[in-house]
Amino acid sequence: MVKGELAEVWAEALQLIERQLTRPSYEAWLRNTRPLSLEDGRLVLAVPNQFARDWVLERCSTAIVDSLRRVLGHDVRLEVVVEPQPAPAAGQVAATSEAALAPGTPAGPAADAGSSWRTLSQPLNPKYTFETFVTGSGNRLAHAAALAVAEAPARTYNPLFIYGGVGLGKTHLMQAVAHHVLRKHGSRVAYVSCETFTNEMINAIRDGKTLEFRNRYRNVDVLLVDDIQFLAGKESTQEEFFHTFNALHEANRQIVISSDRPPKEIPTLEERLRSRFEWGLISDIQPPDFETRVAILRKKAQLEKLRVPDDVIAFIAERIDTNIRELEGALIRLVAFASLTNHEIDLDLAAEVLKDILPPPRANKVTIARIQEVVAEYYGVKVRDLKARRRTRAIAFPRQVAMYLCRELTEASLPRIGEEFGGRDHTTVLHAYEKISQDVRNDPQLGRQVKELMELIRKG
Ligand SMILES: Nc1ncnc2c1ncn2[C@@H]1O[C@H](COP(=O)(O)OP(=O)(O)OP(=O)(O)O)[C@@H](O)[C@H]1O
């Protein structure tokens, strides 16, 4: 096939593939591919590195082959070759990194859920299930409510209204309900973002198909609408949604809604809709605490079969404390970088790779990781040495100073500090603390060093 024609075929196939992948996956892995040839039913595709090749073959080949079949009308075999481009700089890795954990396959349940579901619902992310959702103090109630609704739709809370800040798991929880209901009850489920609902309604009006639109939405067993705050200021969509809501509620069908804020804070939301949203249960999701953040990162690493040391997980969890999407993004970026550069994942690499995206430690919030970084730099050793087993004086002394500072400057318990220093016993930490306290009293030079270190640490 000649070059121009091949480029066209590939562009068309890409459009189809794009719909089946998440945006980060597509941007990271597919956009930079180049078709080299299509001869005798064999497509040769060029990608920039081995990592991309593995990813494309493992996670996208079905989508690629399916899409090409639709464009060409026949099957093709896929071959992926590496055509290196200039090595990516650290900053560029961010673009590719997110995809390492992003789903690479089209939503699973669509295939077994019947055509009404397929035409109505947006694709579900196969990874957003209850099994992969980590619970903690911030989301326990929302999770319990979602599970109750998924177990027995329209029998407990109706509607269920979940709200919370950006990237805290609302979509994950909504889709977990959808997966569960599909799997357990085989019901007709529709998951849509408010934007999609609005666009479909506008298109239906334009095409004179409002009746079809209504019937489709009013014939589902469970309707989940994500990001309902986008109804703000859209009068006709509010009107339509009001009728859809009533029809479903009267017919005893389940409605689940998510929003970034509670109903009463959505501006220009009609009173009658607001009061309906408050009929059932309103449940919020709060940012996760440290333990939950660690658990989420561990779960992610385990699901993706990534080996990430505990201290690196704690380092990320300590520094990113509001947005779970960013928490995962940091982990993915680090893993992708380590894999591309063939580097072992450790604290030093994490600090280096993530320095642009991690918020600086808050000036008034001193963390163990911060103390370790400052002390290591001050004494010219590596953070990883502070955590290692070695006992040479060159390392043992800075380590004891760091432990002393952790006890002085943070709320962390002795066992927690020990854990952060290569899993040492709390008695070791106590011993270090007592020893350095005494040395500081007897040695003015050490006293000055410790003071200087404290200032550096507090500066953030
Ligand atoms: N409790 C959790 N356990 C595991 N992963 C989680 C949890 N909460 C959120 N995540 C993950 O964090 C990412 C962001 O979550 P999600 O997209 O559901 O957030 P959101 O609240 O809908 O965000 P937005 O406000 O931007 O729509 C997802 O990859 C999701 O899987």
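Residues numbered from 1 in each chain as written. Predicted model: local features only at pLDDT ≥ 70, side-chain atom pairs only at ≥ 80, totals over all residues. Heavy atoms only, no water.

**Student:** Looking at this structure, how should I read the site of the ligand?
**Tutor:** The local shell around the ligand holds 19 residues, among which Val 134, Lys 170, Thr 171, His 172 and Glu 328 are the closest. Within the backbone of Leu 168, one N or O atom sits 3.1 Å away from an oxygen atom of the ligand. Computed on the free molecule, the ligand has an accessible area of 630 Å², of which 91% lies beneath the protein chains in the complex. When residues of the shell around the ligand are traced back to their parent elements, those giving at least two are helix H7 (170-185), helix H12 (290-303) and helix H14 (324-341). A domain-level breakdown of the shell around the ligand finds at least three residues from each of domain 2 (130-284) and domain 3 (290-354). (Near = heavy atom within 4 Å. Polar contact = N/O pair within 3.5 Å; in protein donor to acceptor, adjacent residues only side chain to side chain. Areas by Shrake-Rupley, 256 points an atom, 1.4 Å probe, with all protein chains shown as cover. Helix = DSSP H or I, 4+ residues; strand = E, 2+ residues; numbered from the N terminus. Domains from an automatic or database assignment.)

**Student:** Sorry if this is basic, but what is going on with the side chain of Ser 193 here?
**Tutor:** Following the sequence through the fold, Ser 193 ends up in strand E5 (residues 189-193). Polar side-chain contacts of Ser 193 include one of 2.9 Å to the side chain of Thr 196.

**Student:** Any chance you could explain the sheet that holds strand E6 (residues 222-226) here in plain terms?
**Tutor:** Strands pair in a sheet through their backbones, by hydrogen bonds, and they do so in one of two ways: parallel or antiparallel. Spatially, the five strands line up as an open sheet ordered E5-E6-E7-E4-E8, and their pairing is parallel. The open sheet terminates on both sides in strands that have one partner only, identified here as E5 and strand E8 (281-285). Neighbouring strand axes in the sheet, compared pairwise and without regard to direction, differ in orientation by 15 degrees on average. Relative to E6, E5 runs parallel, the two being bridged by five bridges. When the bridges of E6 are listed, Ser 193 appears paired with Asp 226. Contacts from helix H8 (residues 194-206) reach E5 and E6, with the element oriented near 95 degrees to E5. (Pairing = 2+ DSSP bridges. Axes fitted to C-alpha atoms, helices over the stretch in contact; angles between N-to-C directions. Contact = heavy atoms within 4.5 Å.)

**Student:** Help me out: how do you make sense of empty space enclosed by the protein in this one?
**Tutor:** If a probe as big as a water molecule is rolled over the atoms, it shows which places are left empty. Taken as a whole and assessed by the stated rule, the structure comprises three cavities of 30 Å³ or more. Looking at the largest cavity, its volume works out to about 50 Å³. Around the largest cavity, the lining residues are Gly 136, Ser 137, Gly 138, Asn 139, Leu 168, Ile 285, Gln 286, Pro 288, Thr 292, Ile 296 and Ile 324. Domain assignment of the residues forming the lining of the largest cavity places at least three in each of domain 2 (130-284) and domain 3 (290-354). (1 Å grid on protein atoms, 1.4 Å probe; cavity = no way out; pocket = protein on both sides within 12 Å on 5 of 7 lines; lining within 4 Å. Points joined across faces, edges and corners; volume = space filled by probe spheres on them.)

**Student:** Honestly, the environment of Glu 420 in this entry has me stumped. Any pointers?
**Tutor:** The topology assignment puts Glu 420 in helix H19 (residues 414-420). Given a relative accessible area of 6%, Glu 420 falls into the buried group. A distance of 2.9 Å separates the side chain of Glu 420 from the side chain of Arg 416, its partner in a polar contact. (Buried < 20%, exposed > 50% of the residue type's maximum accessible area, 1.4 Å probe, protein only.)

**Student:** I would appreciate a short explanation of the sheet that holds strand E1 (residues 34-39) in the present structure.
**Tutor:** With mixed pairing, the three strands of this open sheet are ordered in space as E1-E2-E3. Every other strand in the sheet has two partners, leaving E1 and strand E3 (77-82) as the edge strands with one partner each. The sheet shows a mean angle of 20 degrees between the axes of neighbouring strands, taken without regard to direction. As paired elements, strand E2 (residues 42-47) and E3 share six bridges and run parallel to each other. Counted as the bridge partner of Val 44 is Glu 79 from E3. Helix-sheet contacts for helix H1 (residues 3-20) involve E1 and E2, and the interaxial angle to E1 is about 115 degrees.

**Student:** How should the UniProt feature "binding site: ATP" (unreviewed entry) in the protein chain be read in this particular structure?
**Tutor:** This chain's UniProt record puts "binding site: ATP" (unreviewed entry) on Gly 167, Gly 169, Lys 170 and Thr 171. Relative to the helices and strands, Gly 169 is located in the loop between strand E4 (160-164) and H7. If near-sequence neighbours (up to four positions away) are discounted, Gly 169 is found in contact with Phe 133 and Ile 285. By the secondary structure assignment, Lys 170 is in helix H7. Classification of Lys 170 as buried rests on a relative accessible area of 9%. Once you skip the residues sitting within four places of it in the chain, Lys 170 turns out to touch Ile 162, Tyr 163, Gly 164, Gly 165, Ser 258, Ser 259, Asp 260 and Ile 285. There is a polar contact of 2.9 Å between the side chain of Lys 170 and the backbone oxygen of Gly 164. (UniProt positions renumbered as here; feature names shortened; annotations may be inferred.)

**Student:** So what exactly am I meant to see when it comes to unusual backbone geometry here?
**Tutor:** With glycine set apart, most residues show a phi of negative sign, and most peptide bonds adopt trans. With an omega of 0 degrees, the peptide bond between Asn 158 and Pro 159 qualifies as cis. Mapping Pro 159 onto the fold places it in the loop between helix H6 (140-151) and E4. Even without being a glycine, Ala 154 presents a positive backbone phi close to 65 degrees. For Asn 342, which is not glycine, the phi dihedral falls at a positive 60 degrees. You can see Asn 342 is positioned in the loop between H14 and helix H15 (347-353). Here Asn 342 falls in the exposed class, since its relative accessible area comes to 75%.

**Student:** Is there a simple way to explain H7 in this structure?
**Tutor:** Two residues of an α-helix separated by three or four positions point the same way, owing to the 3.6 residues in each turn. In this model H7 runs 22 Å from its N-terminal to its C-terminal C-alpha over 16 residues, within 8% of the 22 Å that 1.5 Å per residue would give. Taken across its 16 residues, H7 has twelve buried, putting it largely inside the fold. Taken as a whole, H7 has its buried residues at Lys 170, His 172, Leu 173, Met 174, Gln 175, Ala 176, Val 177, Ala 178, His 179, His 180, Val 181 and Leu 182. Gly 186 sits one or two positions beyond H7 and adopts a positive phi of about 60 degrees. (Expected span 1.5 Å × (residues − 1).)

**Student:** Which parts of the structure should I look at to understand the pairing of E2?
**Tutor:** The element E2 is extensively covered by neighbouring structure, given that five of its six residues are classed as buried. Of the pairings in the sheet, the one linking E1 to E2 comprises five bridges and is antiparallel in character. Paired with Arg 34 across the two strands is Ala 46, which belongs to E2. With antiparallel pairing between neighbouring strands as the criterion, E1 and E2 make up a hairpin whose turn holds two residues, including Asp 40 at a positive phi of roughly 50 degrees.

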